[in-house]
Amino acid sequence: MNSTVHDGPIAAVELAIGGMTCASCAARIEKKLNRMDGVEASVNYATEKAHVSYTGDVRVADLIATVVKTGYTAAQPPPRPAVRPDAAPGAGAAAEAGSDPTGASGEHEEPDPVLAAARGRLLVCAVLSLPVVLLAMVPALQFDNWQWLSLTLASPVVVWGGLPFHRAAWTNARHGAATMDTLVSVGTLAAFAWSLWALFFGHAGMPGMRHGFDLTTSRADGSSALYLEVAAGVVTFILLGRYLEARAKRKAGAALKALMHLGAKDVAVLRDGAEVRVPVGSLAVGDRFVVRPGEKIATDGTVTEGSSAVDASLLTGESVPVEVRPGDAVTGATVNASGRLVVEATRVGSDTQLARMAALVEAAQNGKAEVQRLADRISAVFVPVVLLLALGTWVAWLLITDDPTAAFTAAVAVLIIACPCALGLATPTALMVGTGRGAQLGILIKGPEVLESTRRVDTVVLDKTGTVTTGRMTLTGVVPAPGVDATELLRLAGALEHASEHPIARAVAAGAAARAGSLPVPEAFENLPGLGVRGLVEGREVLVGRERLLADRSVALPAALAEARAAAEAAGATAVLVAWDGAARGVLTVADAVKETSAEAVSRLRALGLTPVLLTGDNRAVAETVAREVGIDEVIAEVMPEDKAAVVERLQAEGRTVAMVGDGVNDAAALARADLGLAMGTGADAAIEAGDLTLVRGDLRVAADAIRLSRRTLSTIKGNLFWAFGYNVAALPLAAAGLLNPMIAGAAMAFSSVFVVTNSLRLRSFR
């Protein structure tokens, strides 16, 4: 970015870039934009987008003009909804299954005219090139004047088939630049021009001429050497490579497209008591709408009427439907599986969870890892270096062998083998597929730099409440006094607690209803603040609360119940005492229950080489009980919310690389301070904003999956870059040494890019 300081606010814009054909194109555009005063730009070849931050007096029109002056097109995409309003059900499933070979997510995916045109050009060139290559490679097929048939077939391939390369090379030359297209255009036109000279002015046009084929450089009389199969073959191979690359890039982005398609098309809004169907885009916060079984929930909201099971699998990857009832929050794009629901909209448009997921995924796909910036810098200088190397190869061969044919063949092979495309595709395609697959599984990766952090992490700090535990009080134990029926104990205590709004009372009432069935209605009820509740249930005077409530009414606690109370409190749980008709009848234990999946999640995190640490503001007894249950050895308890970040800092000072998993507002600072922050998507917005990875569903096992997916994406990127660098390091000397026929070089170059993209697509199978 230009070093001039501007006081104006920083604005950002995303531009769709057209005309890029390789990584060096992206590097050129980025360089030109960054030369503008107050501009910082990042251009991504794989996504064909430029993300530009600018200050001062810069306008978007100036940015577009700079791109156009560089020889490409730029446009600001129109604002789009986060979800396609015309989506049909099942888009996500279609994309995940990968049933469409082009990566299209089923019926809503419009055919790509650019891809169709590329396929048409490729097919024509392939049909015309095949006889040319066969005639050149198999001398037995060469009849009298075969060379003129080869010229007739090769000419449209080189001129019309190679037109995209020639046009781009000319545009770049006018702007004083050279890209991959320059290498292809110069190489194929040189081979074609040599063949024309040999046919019309040399001996190659003589009737009865025969031509051998060599996998290395040709050493023959220059006036009788033909390179028509090189010119036609290279154009066809590179067109094939570009087509396969474009198709694979489209498939790589299929998960994000599927995410855009998840939303409902229209919605039945309640207006004056009647249902009116309106487009989803016209929904406003506060609107109440009806969702019938099988329909998608139109936007984020709260259930006001009805109960049902909601299938969120397309959004979170969670296969088990979640039961909802009045007061529960629901997410847009999830499917109502059973009952009729009335939902009040709480978030619409770009504020919804789906919209924010899509924005996060898109931002991650447009980002650049540090390792990609190195590849971009290499791509920017690569083509001029290759042109000089080709010229040097030609001169060296002439000086050493005095054979212009061999010198020409080696120089053309150098031009054609050199491909910075694989370098440019190595990182962004793996990022596109990895982040897209993550979105399908309910894992949102904020950016490429996050991947590096996941590799280094050795300690994972787990917030207790809402992360390891459910975050809400649950009835965990029932101890009836000798001779008392447990069901009776639950019925009478639950009936009285059902009338109270206290969190502990609600936990007892919910647990009692689940275990004992329907609860009776109290005939009388009184809330006693700080002590508990009392009332009349089925003619019995019932007390539910603390030990002091019973003591104040001279109700003694038998030894067995006193022991149960002491054991519950030692384990950090809350003991609720129940008495009726003047005698203590039982102890109910209430605690923040550990999630069923937490122990398995801790085991998975250990398997990834991470040391788990439990962090909580609760007392040590509670924390250690939870830690024992899930298999954590290290506990940091009784920490004030504002001190959580300091704990993370202290662990980092010990030389640890720390990941933090949390979900509350009080976790936000610690998430931001950690080397890797994993925010539970079921938690507070502040926590989600602070995290590097967002886990859409509140299952701690997803944290292990997220780290595993991030590490696998990073290893795919590194594998791609190793291949891309290694290919060029090995191939260029072979070509310069005359060990590669230019046509073989063209095929190898085309398939290096295809290999990189195909390797990235393997991430789609991540489980």
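Every chain's residues receive numbers from 1 upward, in the order its sequence appears when written. Per-residue local features of the predicted model are confined to residues with pLDDT of at least 70, and side-chain atom pairs are confined, for both listing and counting, to 80 or more; whole-chain, interface and lining totals are unaffected and use all residues. Hydrogens and water molecules were not included; the side-chain quantities draw on all heavy atoms of the structure.

Notes on the overall build of the protein
For step 1, the next point in the chain: Only DSSP runs of H or I covering at least 4 residues are called helices, and only runs of E covering at least 2 are called strands; the numbering of each starts at the N terminus. Regarding its fold elements, the protein presents 27 helices and 26 strands.
For step 2, the next point in the chain: The buried label applies to any residue whose accessible area, calculated with a 1.4 Å probe on protein chains only, is under 20% of its type's maximum; exposed applies above 50%, and partly exposed to all values in between. Looking at the protein as a whole, 54% of its 767 residues are labelled buried.
For step 3, the next point in the chain: Within the protein, residue pairs in contact and separated by at least 24 positions form 71% of the contacts whose partners lie at least 6 positions apart.
For step 4, the next point in the chain: Residue exposure ignores everything except the shown protein chains as possible cover, and the areas themselves are Shrake-Rupley values with a 1.4 Å probe. Of the roughly 31,500 Å² of accessible surface on the protein, 59% is carried by carbon and sulfur atoms. Contacts between residues were defined by any pair of non-hydrogen atoms, one from each residue, lying within 4.5 Å.

Some words on the pattern of salt bridges
For step 1, the next point in the chain: Salt bridges are identified by distance alone: a Lys or Arg side-chain nitrogen within 4 Å of an Asp or Glu carboxyl oxygen. Across all of its chains, the model carries 29 salt bridges by this definition.
For step 2, the next point in the chain: The closest approach of N and O atoms between aspartate 592 and lysine 464, which form a salt bridge, is 3.7 Å. One end of the pair, aspartate 592, is in strand E21 (residues 583-594); the other, lysine 464, is in helix H16 (residues 464-468), and 128 residues separate them in sequence.
For step 3, the next point in the chain: Looking at lysine 464, the relative accessible area reads 1%, which means it is buried.

Things to note about helix H13 (residues 404-417)
For step 1, the next point in the chain: The end-to-end C-alpha distance of H13, which contains 14 residues, comes to 20 Å, matching closely the 20 Å that a straight helix rising 1.5 Å per residue would cover.
For step 2, the next point in the chain: Counting buried positions over the 14 residues of H13 gives 13, a clear majority of the element.
For step 3, the next point in the chain: The backbone nitrogen of threonine 405 lies 3.1 Å from a side-chain oxygen of the residue at the head of H13, namely aspartate 403. A helix is expected to reach a length of 1.5 Å times the quantity of its residues less one. Counted as a polar contact is a pair of N or O atoms within 3.5 Å, where, for protein atoms, one must be capable of donating a hydrogen and the other of accepting one, and residues adjacent in sequence contribute only when both atoms are in side chains.

Details of the packing of aromatic side chains
For step 1, the next point in the chain: Two aromatic rings, drawn from Phe, Tyr or Trp (for Trp, its six-membered ring), form a pair once their centres lie within 6.5 Å of each other, and the interplanar angle then sorts them: stacked below 30 degrees, edge-to-face above 60, tilted otherwise. Per the stated rule, a full pass over the model turns up six aromatic pairs.
For step 2, the next point in the chain: Taking 6.1 Å as the distance between ring centres and 75° as the angle between the ring planes, the aromatic pair formed by tryptophan 194 and tryptophan 197 counts as edge-to-face. Of this pair, tryptophan 194 and tryptophan 197 both sit in helix H7 (residues 180-200), separated by three residues, roughly a single helical turn.
For step 3, the next point in the chain: What makes tryptophan 194 buried here is its relative accessible area of 16%.
For step 4, the next point in the chain: With a relative accessible area of 41%, tryptophan 197 lands in the partly exposed category.
For step 5, the next point in the chain: Summarising the aromatic geometry, the rings of tryptophan 723 and phenylalanine 755 are spaced 4.5 Å apart at their centres and angled 40° between planes, so their arrangement reads as tilted.

Here we look at the UniProt feature "transmembrane region" (unreviewed entry) in the protein
For step 1, the next point in the chain: UniProt positions are given in the numbering used here, feature names are shortened, and annotations may be inferred rather than shown by experiment. Taken from the UniProt record, the annotation "transmembrane region" (unreviewed entry) applies to residues 122-142, 148-170, 182-204, 224-244, 378-400, 406-427, 720-737 and 743-761.
For step 2, the next point in the chain: End-to-end, the C-alpha atoms of residues 122-142 are 25 Å apart, and along that stretch the chain is 76% helix and 0% strand.
For step 3, the next point in the chain: Helix makes up 83% of residues 182-204 and strand 0%. Its end C-alpha atoms lie 28 Å apart.

Observations regarding the nonpolar core
For step 1, the next point in the chain: As used here, the term nonpolar core means buried Ala, Val, Leu, Ile, Met, Phe, Trp, Tyr and Cys residues forming a set that is joined through side-chain atoms within 4.5 Å. One finds Leu33, Val52, Leu63 and Leu678 to be the most contacted residues of the largest nonpolar core, which totals 134 residues.
For step 2, the next point in the chain: Sort the elements by how many residues they give to this core and helix H26 (residues 701-736) lands first, with 14 residues.
For step 3, the next point in the chain: Contacts of leucine 63, omitting those with residues within four sequence positions, involve Val13, Leu15, Leu33, Met36, Val39, Val52, Tyr54 and Val58.
For step 4, the next point in the chain: Among the nonpolar cores identified, the runner-up in size contains 39 residues, and Leu496, Ile504, Ala568 and Leu588 belong to it.

Concerning the pairing of strand E1 (residues 11-18)
For step 1, the next point in the chain: Any two strands between which DSSP finds at least two bridges are classified as paired. Bridging between E1 and strand E3 (residues 49-54) involves six bridges; their strand directions are antiparallel. Across the sheet, residue alanine 16 finds its bridge partner in E3, namely lysine 49.
For step 2, the next point in the chain: Inspection of the sheet shows E1 paired to strand E4 (residues 73-75) by three bridges, in the antiparallel sense. Within E4, the position partnered with alanine 16 by the bridge is alanine 75.

So, the sheet that holds strand E5 (residues 266-271)
For step 1, the next point in the chain: A sheet is described by the order of its strands in space; here six strands give the open sequence E6-E5-E7-E13-E8-E11, paired in antiparallel fashion. On the outer flanks of this sheet lie strand E6 (274-279) and strand E11 (329-330), each paired with one strand and no other.
For step 2, the next point in the chain: Both strand E7 (residues 288-291) and strand E13 (residues 341-347) contribute to a ladder of four bridges, which runs antiparallel. For valine 291, the partnering residue across the bridge sits in E13 and is leucine 341.

Overview of the sheet that holds strand E20 (residues 574-580)
For step 1, the next point in the chain: The strand order E16-E21-E20-E19-E18-E17 describes an open sheet built from six strands, whose pairing is antiparallel. The strands lining the two open edges of the sheet, one partner per strand, are strand E16 (469-480) and strand E17 (524-528). Strand-to-strand twist in this sheet, taken as the mean axis angle between neighbours without regard to direction, amounts to 20°.
For step 2, the next point in the chain: One ladder, built from seven bridges, connects E20 with E21; its direction is antiparallel. Paired with leucine 577 across the strands is valine 587, a residue of E21.
For step 3, the next point in the chain: Between N-to-C directions, angles cover 0 to 180 degrees, with each direction set by a line fitted to C-alpha atoms, over the stretch in contact for helices. Contacting E16, E20 and E21, helix H18 (residues 503-516) runs over the sheet at an angle of about 60° to E16.

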